[in-house]
Each structure stands twice: as C-alpha cells, then as structure tokens.
Amino acid sequence: MAHPIAPNSWHRNREGLGIWEGRGKVVATGVGTSPTARRWDERPETSLGALTIIAIRKAIEDAGISPDEIDGIVLTPESTTGVSNDPMSPAPEGFDQVFKMVDFPQAGITRGDIDWILLNMPELKNVEFKMNGPVCMSVALTTAAEAVSRGLTKTCLVVRGWHNLAGRYYVGQGAAALNTSSGPGKYGGIWGMPACATTAMIFEEYCNKYGKSHEMMAPFVVEERRNGLMNPDGFYTQHRPEMITVDDYLSGRWIAKPANIYDNDLPIQAALAVIFTTPELAAHHAQKPVYILNHAQTRPELQGVTPTLAEWEASSDKMGRMLYEGAGIGPEDLSFEQMYDGFTLFHQFHLEGLRFASRGEKRGYALDLYQTDISIEGPNPVSPSGGNSGNGRTRWWHHRDCILQLQGRSPSQIKRKAEYGVSGAHMPNFCDALIWGAGPD
Amino acid sequence: MPKQSPVPTELDQPFYDACNEDRLVVQHCGPCNRFQFPPRMMCARCGNPGLTWRQVSGRGRIKSRVVVYDSPVSTLVPEQPFNVATIALDEEPDVIMLSHLPGVPVDQVPIGAAVEVIFETTPATGQKVPEWRLAGS
Ligand SMILES: [Zn+2]
C-alpha cells in the first residue's frame, strides 16, 4: 500500500522562516545498522528486508526501549540508484517461506515497504503513523523530525535499506542498451556520460575557475577511507579492510575524467534504522539524546540539460543560509561537517555553501582546506564518518555519525568537543540537510 | 560517434525537424525574452505556454569538459575514451548543450574556446542531432 509523503509545507525550502518551530523538540537516540554485503546472494536471510529488520531491532535495543513504544515509522522505499527489478518481478524461490508477502513481490527485495516491515515484525504492534520519505534518507529524517515536532508520533523509526543485485549497476542496462533514445535522456543522455560525469563536469569548471586540480582531492579521499575503516559497521572494514594511499588515488582508473573509481562510491547492501522521539520521552532511553535544531531543503530551479557551477554554488549557499537561520547558529559553531560525498567531487560545494572552516573565504577554498589537517584529531574534522566513500553507498553514514559523534560514541570520534554538526544529501542543488546539537540550544 | 537516435515527440518535433535541415532552433519565451533547453510545455520561469521556436546563430563557448572512459550507453562503449563538453550558447549562456567535439583529441578540449554547431546523423534512424566543432576549424 502506498503511504503518504510529507506535504510540501513541512519542508523548509526558503529563507526568512526564522528559527525552526521544532527546534529542540525532537531528538535522536538509538541507532541500528545491519551487516553489509557487496551484492545480494539471493538468500532470504541476506535480503534488503532481512537487513532492514536487523537494523530496526538493533536500533530499538540500542535505545533500550520496548518495541511497544514505537508508534511511527518513516521509510525511504527506494533502495538503489541503479537499474533494478520491476516491482512485480517474482521473488526468488523460498523467499515467501521465510517472509510474509505484501501485494508486490519485490517488497523486501528491491523495495523498502512499511507494510512488509510491519507484517514481518509482529513486535511492532503500536505503529499508527506511517509515512514515506522518498528518494533519500535525508527526506525520511526531515519528515520524521517534522512529524515528531508536530506531535504526530512520539517514538518514530526512521529507516532506509539498500540492495545491490548481481550484474552492472548502469552500464548497458535498460534504455542505455538501445540504439534509440526516448524520454528526457535524448537531450543529454545520448552523449553517453556515466552518472559521475555531471559532477566531474562541474568539478572541472570549478578547478578552472579557482585554479585547483583533481590531485588536491587526494587527502580528502584518503582521510575518508581512514575514518571509514574505524567503523566496524562499514563495508570496507567488514570486507576490504585495506587503507588506500595518495598514490592509489592518483592512479585510480578513470570513469569520467576528472572522476576516477575512488571518486565513485561502491554500491552495497545495508540498512539503517534510527529512533526519533521527544526530549521528555528520551529521558528513559539508554542513549544520550541528540537534538535536531533545524532542517532545510533545496531543489533545482530552471535546470537545463545539465546543472552548472553557478547553480550549484547558488543552491548550496542558500542551503547554508537556511540551515543557520533556522538553527540560530553560524558556521563557526560547527564542530564538524558531514555533508554528502558520493560523488567525492561535489563534497566541496556543500562544504563551501556552509562556509565550514572558512577564514573569510566564500568559494574556492575547500580544496586548500583539504591540504590542512581535516582529520578527526584536528581542528576542522571533514566527514568524520568517512561517508559513502569510506563505507559504501548508503547516503546515510554521515547522518548516522552526526548522532554518534554528538553522543560521544562514534567509532571515529572527533578529538575536539562535539557540540554541533551538520549532515545532508544528496546533490548540491537537490539536498535535504539537518543541523544536530548535543543540547537543545 | 554512433549516438543513439533520439525519437521525437509532439513537443520537440520542431527541434528535430530543424536539425534535419541543419538549423538550430531553441524554445523562446517572449515575456521573459529567454531561451530554454531542453524543450518544455511552458516557460520554466514564468509558466507561459505560448513559446516559440527561434533559430539561433549556432555559436557558443566551451564551458567545461570530461573524458568518458566508462559509458553506460552500449553504442558508445567501443569509442572510449571520448570527450564530452558543455556548450553555452552565445544568445543565452544559461542554455547548455552537450558535445563530443568531433576532431578534438581526448584531453585537449580548450575551455572557453568558441565553437559552432554542425549536425550529425545518428545511425539507427538517420535523425540528425546538434554537434559542435571549434570555430573556424
Ligand atoms: Zn517566461
């Protein structure tokens, strides 16, 4: 069954809205992360659905609460950015003997689904509030923040899982395999750019404008892998626990130059669940509450066949202004930043929009910042979770780690005091982001 | 380059018909005095549905560039690596088109250089599409 999404009025998508009405009224407590895998091996117990159930049970246990207390769920149903099965494709044999099935067979396989979860988790018997946060976990998080602040749910699960099937993710799949092109792809897609090329194109424009180079990305990408390898839940820690070097990065296979293989995040299977509640109820949760101080949204305006540097800079600047306005803090208050990094080559657009660690610079400074100490031990921790690049493609490691950092229990805990953090995804002009605080102010 | 052949629709038939006559036309909004591409049912800025197709000079500048080594499009895989550039039209620098810049060696795309439109026949249906070459080349 289709569940509603947040009305547009819930999204804070313009300036002048003032302090967010929900500021300090919503907190995150428990966090649950499933094991990771590179691809699905078609066993029911390793499916997207199974991983989602694991993540939810772990989050409830982590919060130290009873499943009875969960009265809401916000879920991102999409569970890939690649080419995948039709929702009505039959499930592999045996799946329906392990899990109860809903009205489309790919639920729990290539689609997240609230009804499927509730059917297969009988312990969640008091869920009344059900909403989807489409496309990105960022939307599920901002939707759940609004829902709790509006009193629509008191203890809410926020959930997103990812699947990755056998075979190539985009190449030669679907429309790309044809010798004709219909739909919007015909205006740009026929030139054959892979997914990362749009970002690479704007990164190249950025380098040309500000006198920077792809080599200057190396310290950031290497540091992200280091941070990711501290995370016991990350894909690389679990399956490829080898550090990368600057030389590895510089000799990486090109995908769309200047984007190489290390600038692309690795598709994986994984699921995350987080518990949102009120500060009052959080008093009996086992984990320290982390406050949501604001959230904001940007969407493309007038975009042509491909976005431009000017659009990405304007949109991420607006995101910075909206976030700070509603949270009542400024860039100097941030203890760290965890904006999205999959692709690595657009991280700096987010970072500069926030003016993170700026010494008065507005634009064109992030790659210089990457040459300074951006480690978790230093004064300006950049992407302390390691993000997608350091942990695999989920678009949520950075959100998760904002909660863990501010609770003081991140596996890659920053050395400076963690008081305020920011996380958001995904594109610089298509982004949903949150400001998190260790306290309500 | 063996591009996929675009299949025209009612909305963009004038654009593709003009391509087949070696003319570049772009949707124009009179009230905004603004061009837009890709084609839409109405002006993306003001909502005006009364857009006209205007022929443009076919001149532009190279805005940025990449070199594709791993294309998702099957017909182009044998051509790898190949250039893709963004072209900003002289009449409306916000209007961007893509180009393989035929004749320009990989890694040698000059950002900022002037380019002019040519029309390339796509193999599957013979439909022509805009392409670009360095001005005067
Ligand atoms: Zn108009």
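Residues numbered from 1 in each chain as written. Chains lettered and ligands numbered in written order. Predicted model: local features only at pLDDT ≥ 70, side-chain atom pairs only at ≥ 80, totals over all residues. Heavy atoms only, no water.

On to the overall build of chain A. In terms of regular secondary structure, chain A is built from 14 helices and twelve strands. Compactness check: chain A gives a C-alpha radius of gyration of 21 Å against a globular reference of 22 Å for 441 residues, within 12% of the reference. Taking as baseline every contact in chain A between residues at least 6 positions apart, the subset at least 24 positions apart corresponds to 77%. Carbon together with sulfur atoms contributes 53% to the accessible area of chain A, which is approximately 15,200 Å² in total. Side-chain charges in chain A split into 40 positive and 50 negative, and the spacing between the mean points of these groups amounts to 1 Å. (Helix = DSSP H or I, 4+ residues; strand = E, 2+ residues; numbered from the N terminus. Rg over C-alpha atoms; globule rule 2.2 N^0.38 Å. Contact = heavy atoms within 4.5 Å. Areas by Shrake-Rupley, 256 points an atom, 1.4 Å probe, with all protein chains shown as cover. Lys, Arg positive; Asp, Glu negative; His and termini not counted. Charge placed at Lys NZ, Arg CZ, Asp CG, Glu CD.)

Residue and element names in this part refer to chain A. The buried count for helix α14 (residues 397-407) comes to eleven of eleven residues, which makes it a mostly enclosed element. By the burial criterion, the buried members of α14 are W397, H398, H399, R400, D401, C402, I403, L404, Q405, L406 and Q407. In the stretch just after α14, G408 is the one whose phi turns positive, near 80°. (Buried < 20%, exposed > 50% of the residue type's maximum accessible area, 1.4 Å probe, protein only.)

Moving on, we come to the coordination of the zinc ion. Residue and element names in this part refer to chain B. Taken together, C29 (SG), C32 (SG), C43 (SG) and C46 (SG) make up the protein donors of the zinc ion, found 2.2 to 2.3 Å from the metal. Angles of 104 to 117° at the metal separate the four donor atoms of the zinc ion, which places the site in the tetrahedral class. Sequence positions of the residues that donate to the zinc ion give the spacing C-x2-C-x10-C-x2-C. Of this pair, C29 sits in strand β2 (residues 25-29) while C43 is found in the loop between β3 (34-36) and β4 (52-55), placing the two residues 14 residues apart along the sequence. Classification of C29 by relative accessible area gives buried; the value is 1%. (Donors = N, O, S within 2.8 Å, 3.2 Å for Na, K, Ca; no water. Tetrahedral: all angles 85-135°; square planar, octahedral: opposite > 155°, others 65-115°.)

This brings us to the interface of chain B and chain A. Each partner contributes to the interface: chain B provides 46 residues, whereas chain A provides 39 residues. A combined buried area of about 3,500 Å² lies between chain B and chain A, and 60% of that area is made up of carbon and sulfur atoms. Notably, a salt bridge pairs B:D70 with A:R253, separated by 3.2 Å at the nearest N-O pair. Where chain B packs against chain A, one counts 21 residue pairs in polar contact (both at pLDDT 80 or more). At the level of secondary structure, the elements contributing two or more residues to the side of chain B that touches chain A comprise β1 (5-6), β5 (59-68), β6 (82-89), β7 (96-99) and β9 (128-134) of chain B. Top contributing element to the side of chain B that touches chain A by residue count: β5(B), with six residues. Residue classes in the side of chain B that touches chain A are distributed as 25 nonpolar, eleven polar and ten charged. Here strand β5 (residues 180-181) of chain A runs beside β1(B); their pairing, made up of two bridges, is parallel. When the sheet's bridge partners are listed, A:S181 is paired in β1(B) with B:P6. (Buried area = accessible area lost by both parts, 1.4 Å probe. Salt bridge = Lys/Arg side-chain N within 4 Å of Asp/Glu carboxyl O. Polar contact = N/O pair within 3.5 Å; in protein donor to acceptor, adjacent residues only side chain to side chain. Nonpolar A, V, L, I, M, F, W, Y, C, P; charged D, E, K, R; others polar. Pairing = 2+ DSSP bridges.)

Take the side chain of A:T298 next. Mapping A:T298 onto the fold places it in strand β9 (residues 290-298). Given the relative accessible area of 3%, A:T298 is considered buried.

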